[in-house]
Amino acid sequence: MLGKLINKLIGGPPSTKVSEPNTPYSEIEKCIRRKKTISFTYVDKNGERTLRKVLPKEIFLSDPRNSYAYELYILRAHCYLRNAERFFVLKRIENIKIL
């Protein structure tokens, strides 16, 4: 089931237009441990940008058996915009701020 969700989220190989996250993995990990909310711009598979405010829950490496995932780091978080749990590909996160 998680593989299908990641396929839907990614929609194919990652775009080369999306920059690497500008905040280190370790900073997001600290926010998870401290239960800190973060905000960032998220670039979806179509290049659309949305401002998100989330409470990060965990970061995990996608399943390498999923041909579309390419072992990407995924952030699982509660998204306040959608008022639901969402998954974000870390390399599609820009302009992260700790709130």
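Preceding this section is the structure that the text describes.
Rules and cut-offs
Residue positions are given per chain, counting from 1 as you read along its sequence in written order. Local features are withheld for residues below a pLDDT of 70 in this predicted model, meaning they are given only at 70 or higher, and side-chain atom pairs are given and counted only at 80 or more; totals for whole chains, interfaces and linings count all residues. As a rule here, side-chain values come from all non-hydrogen atoms in the structure, and water together with hydrogens is ignored. Secondary structure elements follow DSSP: runs of H or I of four or more residues count as helices, runs of E of two or more count as strands, with numbering from the N terminus. Only protein chains enter the area calculation, which uses a 1.4 Å probe; residues under 20% of their type maximum are buried, those over 50% are exposed, and those in between are partly exposed. Any two residues whose heavy atoms approach within 4.5 Å are treated as being in contact. For every accessible area listed, the method is Shrake-Rupley and the probe measures 1.4 Å; residues are considered covered only by the protein chains on display. A pair of strands is labelled paired if DSSP reports no fewer than 2 bridges between them. Between the N-to-C directions of two axes lies an angle of 0 to 180 degrees, each axis being a line fitted to C-alpha atoms and, for a helix, fitted only over the stretch in contact. Working definition: rings of Phe, Tyr and Trp (its six-membered ring) pair if their centres are within 6.5 Å, and the pair is stacked with planes under 30 degrees apart, edge-to-face with planes over 60 apart, and tilted otherwise. Lysine NZ or arginine CZ positioned within 6 Å of the ring centre and within 35 degrees of the ring normal marks a charge as sitting over the ring.

Engineer: Help me understand the overall build of the protein chain in this model?
Structural biologist: When its secondary structure is counted, the protein chain shows two helices and five strands. Going residue by residue from the N terminus, the α and β elements of the protein chain occur as α-α-β-β-β-β-β. Residues classed as buried in the protein chain amount to 38% of the 99 residues present. Contacts in the protein chain between residues at least 24 apart in sequence constitute 60% of all its contacts with a sequence separation of at least 6. Looking at the protein chain as shown, the accessible area adds up to about 6200 Å², and 51% of this sits on carbon and sulfur atoms.

Engineer: Would you take a moment to explain the sheet that holds strand β5 (residues 93-98) for this structure?
Structural biologist: Through backbone hydrogen bonds, the strands of a sheet pair up, either in parallel or in antiparallel fashion. Spatially, five strands are ordered β4-β3-β2-β1-β5 in an open sheet, and the strand pairing comes out antiparallel. Among the strands making up the open sheet, the edge pair consists of β4 (84-89) and β5. Taken pair by pair, the neighbouring strands of this sheet meet at an average axis angle of 45°, ignoring direction. Relative to strand β2 (residues 49-61), strand β1 (residues 38-43) runs antiparallel, the two sharing six bridges. Bridge pairing in β2 places Ser39 opposite Lys53. Relative to the sheet, helix α2 (residues 25-34) contacts β1, β2, β3 (73-79) and β5, its axis offset from that of β2 by approximately 85°.

Engineer: Honestly, the packing of aromatic side chains in this entry has me stumped. Any pointers?
Structural biologist: The relative placement of two aromatic rings is captured by the distance of their centres and the angle of their planes. One pass over the structure, following the stated rule, counts four aromatic pairs. Here Phe40 and Tyr42 contribute two aromatic rings whose centre-to-centre distance is 6.5 Å and whose plane-to-plane angle is 65°, an arrangement assigned as edge-to-face. This pair shows no difference in class: Phe40 is buried, exactly as Tyr42 is. Ring geometry for Phe40 and Phe88: centres 5.3 Å apart, planes at 85°, overall edge-to-face. Taken as a pair, Phe40 in strand β1 and Phe88 in strand β4 lie far apart in primary sequence, 48 residues in all. Residue classification places Phe88 among the buried positions, given a relative accessible area of 2%. Ring pairing ties together the aromatic residues Phe40, Tyr42 and Phe88, which thus form one cluster. Just above the ring of Tyr80 sits the side chain of Lys53; from NZ or CZ to the centre is 5.7 Å.

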